[in-house]
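Coordinates in review
Chain residues, written in single-letter form:
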Amino acid sequence: MSVEARSTEPAALPDRRPVLLSLNDAARVHGEGTAVPVRALNGVSLEVRVGELVAVMGPSGSGKSTLLHLAGGLDTPTSGDVVVDGVSIAGLSVKARAALRRRSVGYVFQDLNLVPALTAAENVMLPRELDGVGTRQARLEAREALREVGVEDLFDRFPEEMSGGQQQRVAIARALVGPRRLVLADEPTGALDSLTGEAIMKVLRARVDEGAAGLLVTHDAQHAAWADRVVFLRDGKMVESAAGSRIS
Ligand SMILES: Nc1ncnc2c1ncn2[C@@H]1O[C@H](COP(=O)(O)OP(=O)(O)OP(=O)(O)O)[C@@H](O)[C@H]1O
Ligand SMILES: [Mg+2]
């Protein structure tokens, strides 16, 4: 009887963590059928699992925000599919997409989108109250989320009374509040100094490690290093995917 030589290389184990977001050949064309259609995203496939933080990099206009809009159900693909938490975005009504977003997605917009007439606390409470959480509970959660990003003292301030970086941190608190498991952040550290930026990356990383999944657009290689993987876009296409050098 012959004894087969066994490889000493450990076999790669299949990743059994659930997939929270998947894009399958997703494309978004603006002005389809017109003389000059814009292919903002051109057939991107990507999976993000629970516990994974994926950074998205690429030049201006390469489709990073478009990718995030699709991932967050703010927009629908013109072809291909986007599945969030097991639900295909393409088949949903506008109302059902909004409900899925509120339930599953925390979004930090590139232009922040804080509601000017609401205080920091009220901005953070808003998505929770829309989801039926009582005011008392929503206030407690808002205080905790603002504390987590280091701006608890801004609780009763309006956006116009805050610096750009402070507004950015409130927007991040709003995306992290509650149990939402897919966190999408479009250059969340753009207006922050490097120390604050690193602190925010730490918060984002911790949330993902606790059982969320994250997609982070950044121009900063140091922030991308917090990710498990970096994908690069150019002209709406994914041109490269590399392992992030994760700092722990
Ligand atoms: N509503 C729209 N109508 C037409 N073209 C659009 C629209 N939104 C985006 N685009 C185009 O799609 C392409 C991708 O835009 P996108 O905002 O995704 O880029 P980006 O990578 O986020 O850039 P930046 O780094 O400047 O934020 C660009 O060429 C942009 O002009
Ligand atoms: Mg953008």
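Residues numbered from 1 in each chain as written. Chains lettered and ligands numbered in written order. Predicted model: local features only at pLDDT ≥ 70, side-chain atom pairs only at ≥ 80, totals over all residues.

1. Focus on unusual backbone geometry
Look at Asp 85: it is not a glycine, yet its phi comes out positive at around 50°. In this structure, Glu 187 takes a positive phi of about 50° despite not being glycine.

2. Focus on the sheet that holds strand S2 (residues 38–49)
Pairing is antiparallel in the open sheet, where four strands are placed in the order S2-S1-S4-S5. The open sheet is flanked by S2 and strand S5 (87–88), the only strands paired with a single partner. Where strand S4 (residues 79–84) meets S5, two bridges bridge the pair, whose relative direction is antiparallel. Looking at the pairing, Val 83 lines up with Ser 88 of S5. (Pairing = 2+ DSSP bridges. Helix = DSSP H or I, 4+ residues; strand = E, 2+ residues; numbered from the N terminus.)

3. Let's talk about the site of ligand 1
Close contacts around ligand 1 come from His 30, Val 38, Ala 40, Gly 58, Ser 60, Gly 61, Ser 62, Gly 63, Lys 64, Ser 65, Thr 66 and Gln 110, and that covers them all. Contributing elements (two or more residues each) for the shell around ligand 1: S2 and helix H1 (64–71). Take the shell around ligand 1: its biggest share by element is three residues, from H1. Among the residues making up the shell around ligand 1, the classes are represented as two nonpolar, nine polar and one charged. (Near = placed C-beta within 6 Å. Nonpolar A, V, L, I, M, F, W, Y, C, P; charged D, E, K, R; others polar.)

4. Comments concerning the sheet that holds strand S8 (residues 213–217)
Strand order in the open sheet formed by six strands is S6-S7-S8-S3-S9-S10, and the pairing between neighbours is mixed. Both outer strands of the open sheet, strand S6 (105–108) and strand S10 (237–243), are each paired with one neighbouring strand and no more. Mean inter-strand twist for the sheet, computed between neighbouring axes without regard to direction, equals 15°. Inspection of the sheet shows strand S3 (residues 53–57) paired to S8 by four bridges, in the parallel sense. Bridging across to S8, Leu 53 finds its partner in Gly 214. The strands touched by helix H5 (residues 164–176) within the sheet are S6 and strand S7 (182–186), with S6 carrying the most contacts at an inclination of about 170°. (Axes fitted to C-alpha atoms, helices over the stretch in contact; angles between N-to-C directions. Contact = placed C-beta atoms within 7 Å.)

5. Things to note about helix H4 (residues 135–148)
Residues spaced three or four apart along an α-helix point in a common direction, a consequence of the helix completing one turn every 3.6 residues. The first and last C-alpha atoms of H4 sit 20 Å apart over 14 residues, in line with the 20 Å expected at 1.5 Å per residue. The complete set of buried residues in H4 reads Ala 138, Glu 141, Ala 142, Ala 145 and Leu 146. Down the axis of H4, the buried set is contained in an arc of 130°. They therefore lie on one face. Along its buried surface, H4 packs onto helix H3 (120–130) and H5. (Expected span 1.5 Å × (residues − 1). Buried ≥ 20, exposed ≤ 12 C-beta atoms within 10 Å, placed from the backbone. Arc of directions from axis to C-beta.)

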